[in-house]
Amino acid sequence: MSSRGDTVDMDDDVAARGAMLAARGVDQAVVIASHDYLRPDGIADNRKVNDDIAAYRRRRPDLFPAAIGIVEPLNGPLGLHELDRCKDELGLHGISFHTRLQGVSLDSRWVRRYLHRMGELGLVPFLHSIGESSAEALWKIDVLAGDFPDLPMIVLDAFSTFEQSLFAPHVAERRPQLVFDTALAHGFSLIQNLITRCGADRVMYGSDLHSSASGIPAVTELSGEILASSLSDADKSAVLGGNAARVLGLPRSADSKP
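Rules used in this analysis
- Residues numbered from 1 in each chain as written.
- Predicted model: local features only at pLDDT ≥ 70, side-chain atom pairs only at ≥ 80, totals over all residues.
- Heavy atoms only, no water.
- Buried < 20%, exposed > 50% of the residue type's maximum accessible area, 1.4 Å probe, protein only.
- Helix = DSSP H or I, 4+ residues; strand = E, 2+ residues; numbered from the N terminus.
- Pairing = 2+ DSSP bridges.
- Right-handed = clockwise from strand over helix to strand, strands pointing away.
- Phe/Tyr/Trp six-rings, centres within 6.5 Å; stacked < 30°, edge-to-face > 60°.
- Contact = heavy atoms within 4.5 Å.
- Axes fitted to C-alpha atoms, helices over the stretch in contact; angles between N-to-C directions.
- Salt bridge = Lys/Arg side-chain N within 4 Å of Asp/Glu carboxyl O.

Buried residues dominate strand β4 (residues 124-128), accounting for five of its five residues. Side chains of β4 alternate between two faces, with V124, F126 and H128 and P125 and L127 buried alike. Alignment of strand β3 (residues 94-97) against β4, held across four bridges, turns out to be parallel. In the sheet register, F97 faces β4, and the bridge partner there is L127. Taken together, β4, helix α5 (residues 138-147) and strand β5 (residues 153-156) form a β-α-β motif whose crossover is right-handed.

Below, the structure is given as structure tokens:
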């Protein structure tokens, strides 16, 4: 499986990713499909990405208890059918939007239509929010969350810039259904500000561990900082796994620990 059109053996990639996660002390992880894929055949390419991420999870359900697919807003109504298939046939737990790579803005009409359908299906939105991208600016997630107050959403990469890191606690305070991941943060202190203001149940660990085929390493590994922080053991456990399990409706091991 590859994000760039090259052939990569899925079993080899699963083994390599498992080894990298083990080296970080990660027992389980939610795996998200890559948005960096070629789309010459439109919805057929989108479906293959979702088929592959579901197959990836099936290789190691003990390591990957949940998989997150993709729908492309530019596929319009065909994406609504793909949402149904992701839920009913593939057993995916959520859908990722990375609109700076999808040709639309996060507040576009089709993103909104997809979010409405996801709420009906019980699929969790994963919304990328790179600070430098106007297409997925955090203020747009703030507006979406206000329009879908009963839909839990996971915000990825919100701590990717210093300015957005300062803004995130204000958004979190207004939108209680949002949970923010730690990927791309350049330190735990700004994340801890959000936890202090809104609680540890609003943050989840994100490894930013890209496909081994992409050659892109994680910017900063924060699990050690989280473990060494002043958070209580219960809060550390929530951030490192419990919150993800809660939002996605996954079983949480009774003997899990931070």
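Take the packing of aromatic side chains next. By the definition in use, this model includes two aromatic pairs. Relative to F64, the ring of Y56 lies with its centre 5.5 Å away and its plane at 45°, an arrangement referred to as tilted. Considered together, Y56 and F64 belong to a single accessibility category, that of buried residues. Ring geometry for W110 against Y114: centres 6.0 Å apart, planes inclined by 50°, an arrangement best described as tilted.

Turning our attention to the sheet that holds strand β6 (residues 178-181). Overall, parallel pairing links the seven strands, which are arranged β1-β2-β3-β4-β5-β6-β7 in an open sheet. The open sheet is flanked by β1 (30-32) and β7 (203-204), the only strands paired with a single partner. As paired strands, strand β2 (residues 66-70) and β3 are joined by three bridges and run parallel to one another. Bridge pairing links I68 to G94 in β3. The strands touched by helix α2 (residues 43-59) within the sheet are β1 and β2, with β2 carrying the most contacts at an inclination of about 175°.

The next point concerns the pattern of salt bridges. Note on pairing: side chains with opposite charge can pair once their charged atoms come close. Counted according to the given criterion, the structure contains 15 salt bridges. Between R39 and E72 there is a salt bridge, and its shortest N-O distance comes to 3.1 Å. In this pair, R39 sits in the loop between β1 and α2 while E72 sits in the loop between β2 and α3 (77-88), placing the two residues 33 residues apart along the sequence. On the accessibility criterion, R39 (31% relative accessible area) is partly exposed. Taking relative accessible area as the criterion, E72 reaches 5% and is therefore assigned buried. If you follow the salt bridges from partner to partner, you end up with R47, D51, E82 and R85 in one network.

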